Each structure stands twice: as structure tokens, then as C-alpha cells.
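# Descriptive analysis of the structure
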Amino acid sequence: MNVSDFNRDFEDFDDDDPLVERYDGAGEPPRGQSVNVSFDQALELLEKGVIDAEYGILRWSSNYAFLVAVCDENLKMNAVYKPQKGERPLWDFPDGTLCYRERASFLTSHELGWMIVPPTVLREGPRGLGSIQMFVQHDPQINYFSFNDNPGALKPSLMRIAAFDAMINNADRKGGHCLLDPTTHLWGIDHGITFHSAHKLRTVIWDYAGQIIPDALLTDIDRMCCVLEDQTSAYRQEMGKLLSAVEIRAFQNRVRTLLKTRKYPLPGPGPNYPWPPV
């Protein structure tokens, strides 16, 4: 896909229309999100619910990302919809694959039991196939760079995210991609440029570089590694539908390396920080 194709696919969306809402995460979203929606309820709603409203494009997103409402007879939840057709072409990632990587990142987080990535599905939406992820209510003024106000409380979560990013080869862990929800659970979002077969790790979280990975995390990683190696497992089979064989092998090698060294990686050659950092 070239740039003209990208623009043509969204020619029906007027980015300068003053009536189009743009939500930057501050305050309440355009419609109230259902409260007390469990993780499993959110995942089922994303998979089977009806997308009944599109509120507008999200600010600061490098690709087209829309705040939508997903509902069934009993629940209504806000979600972030990233249509495949709205992915800007990148020189180093195959066109139209970012939504698959969003889903692969969620599956990996879920298989680890770490609850880093919000519930995310791959399905048809108003603008075609795309990833749809539970919207995380958060204060956009609070991100990784403000966590130093209370570093001890979030350290276990940040150590999980750092290990997770090393495994999925996250090329874009900005400070603003770490969201603290009202219950103080720390989520990671925006995993479209992950799982590349070449080294691409770019993150702001280098706090633990060279340090020993906690045993509890290594236990989870080892368990996930076994499931990944089993080509008959549901996790491996679904990952195989989302990533290329070369990317799967590279992922396995990164996981094995962490288990062998038992340490967080050090910054490598080339750029190691995303830009902009927030």
C-alpha cells in the first residue's frame, strides 16, 4: 500500500471537520463506559458485541484509531478500533500487519498471565478488518515519566513490561504507552510494531537493563515457552495465523535467550529509544 492508497481508503473521513470529536484521553470519554466489566466480559463483548457508535479519531495516533462503543443487551463498553486500511505504510514492516501484531501481543500477554495488554480482538468493523481493544480509562498527564513519584509501587509491573517488550521485540514503548487505570493497574498499549525478526527493541524502560529477571517472571516465561514450542497448542496455532514463520522463530529465540541469560537485555546497536519518547 502506498500513501495515495492510504489516503483514498479514508477519503470519507474529514479530519478537519469541526463536528468530528477528537478524544485525547482526558476526562470522561464521549459516552459512559460500563463499570465493573471483568476481563473475560470485556473480551467476549469485543468478540461478539455490536459496534454501535463511532465517536471520532483519537488524538496523537500515528495511524487511524477510532474511539467506538461496543455493546450487547446488557453491557456497553468503549474500545479503540484500528482498521487495517488505516495503517500508515512503514518501510520495515509488511503493509497491513499492524493489527495482527496488536492481537499477537495480547495473546502473548494473556498466555503469560501478566495482563499487560488490554483485551484485544481481530474482527470486522465499520471500516473493515482491524484490531479492537478495550479502552483504558486513564489520566493522560500520568505516564511512565511521572511514575517516579511512586516508583516502588509500580516496579513489579514495569519489570513485567520490560521483560514482555524484550520478548515481543517492541519497537515503540513510549512513556505514554503505559497507562495507569483508576484501580492503579498498569496497562501497556500500542503494540502494532512488534515481533519483527530483526532486532528492533526501542523503549523508555531501560531501568532494569542487565539486572536479573525475577524468578516468578522466569517461571511464567518458561511455561509460555513450552506452550509456544507445542505446535498443537491453541496459542501457537493462533500466533501462526498472525505472524510469519520467520517471525515466530525469532520470537522463540528471544524467549530462549531470556531464559538462558536470566537477565534483562542491555541496549543494543542503533536507536534504543522511541521518538517522541512520550
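Above this text you will find the structure in question.
Before going into details, it helps to say that this report is about the structure given with it. (Residues numbered from 1 in each chain as written. Predicted model: local features only at pLDDT ≥ 70, side-chain atom pairs only at ≥ 80, totals over all residues. Heavy atoms only, no water.)

Let us look at the nonpolar core. If you look at soluble globular proteins, the nonpolar side chains tend to sit buried side by side. Core analysis: the largest hydrophobic core is formed by 64 residues, its most contacted members being Trp114, Met167, Ile205, Met239 and Phe251. Residue contributions to this core peak at ten residues, all from helix H4 (residues 151-168). Excluding residues that lie within four positions of it along the chain, Met167 makes contacts with Leu112, Trp114, Ile221, Met224, Phe251, Arg254, Val255 and Leu258. Ranked by size, the runner-up nonpolar core spans eight residues in total, among them Ala53, Leu67, Ala69 and Val80. (Core = buried A, V, L, I, M, F, W, Y, C linked by side-chain atoms within 4.5 Å. Buried < 20%, exposed > 50% of the residue type's maximum accessible area, 1.4 Å probe, protein only. Helix = DSSP H or I, 4+ residues; strand = E, 2+ residues; numbered from the N terminus. Contact = heavy atoms within 4.5 Å.)

This part is about the side chain of Ser233. Relative to the helices and strands, Ser233 is located in the loop between helix H5 (215-229) and helix H6 (234-242). Here Ser233 falls in the buried class, since its relative accessible area comes to 10%. At 3.1 Å, the side chain of Ser233 and the backbone nitrogen of Arg236 are in polar contact. (Polar contact = N/O pair within 3.5 Å; in protein donor to acceptor, adjacent residues only side chain to side chain.)

Below, the discussion takes up the pattern of salt bridges. All told, the structure shown has 13 salt bridges when counted by the stated rule. Measuring nitrogen to oxygen at the nearest pair gives 2.8 Å for the salt bridge that ties Glu102 to Lys82. With Glu102 in helix H3 (residues 98-112) and Lys82 in strand E4 (residues 76-83), the pair connects residues that are 20 residues apart, well separated along the chain. Per residue, the accessibility class of Glu102 equals that of Lys82, and both read buried. Measuring nitrogen to oxygen at the nearest pair gives 3.1 Å for the salt bridge that ties Asp215 to Arg262. Of this pair, Asp215 sits in helix H5 while Arg262 sits in the segment after helix H7 (245-261), and the two are 47 residues apart along the sequence. Look at Asp215 and you get exposed, because its relative accessible area is 53%. What makes Arg262 partly exposed here is its relative accessible area of 38%. What you see here is one network of salt bridges that share partners, running through Lys82, Glu102 and Asp190. (Salt bridge = Lys/Arg side-chain N within 4 Å of Asp/Glu carboxyl O.)

Strand E6 (residues 128-134) sits mainly inside the fold: six of its seven residues count as buried. In this sheet, E6 lies alongside E4 in antiparallel orientation, the contact comprising five bridges. Across the sheet, Lys82 pairs through a bridge with Ser131, a residue of E6. Bridging between strand E5 (residues 120-125) and E6 involves six bridges; their strand directions are antiparallel. The partner of Glu124 across the bridge, within E6, is Leu129. (Pairing = 2+ DSSP bridges.)

Our focus in this paragraph is H6. Burial in H6 covers these residues: Tyr235, Arg236, Met239 and Leu242. Taken end-on, H6 shows its buried residues confined to a sector of 120 degrees, consistent with a single buried face. Residues of H6 that are exposed and angled more than 90 degrees away from the buried face: Ala234 and Lys241. Turning to H6, the residues buried within the fold contact H3, E5, H5 and H7. (Arc of directions from axis to C-beta.)

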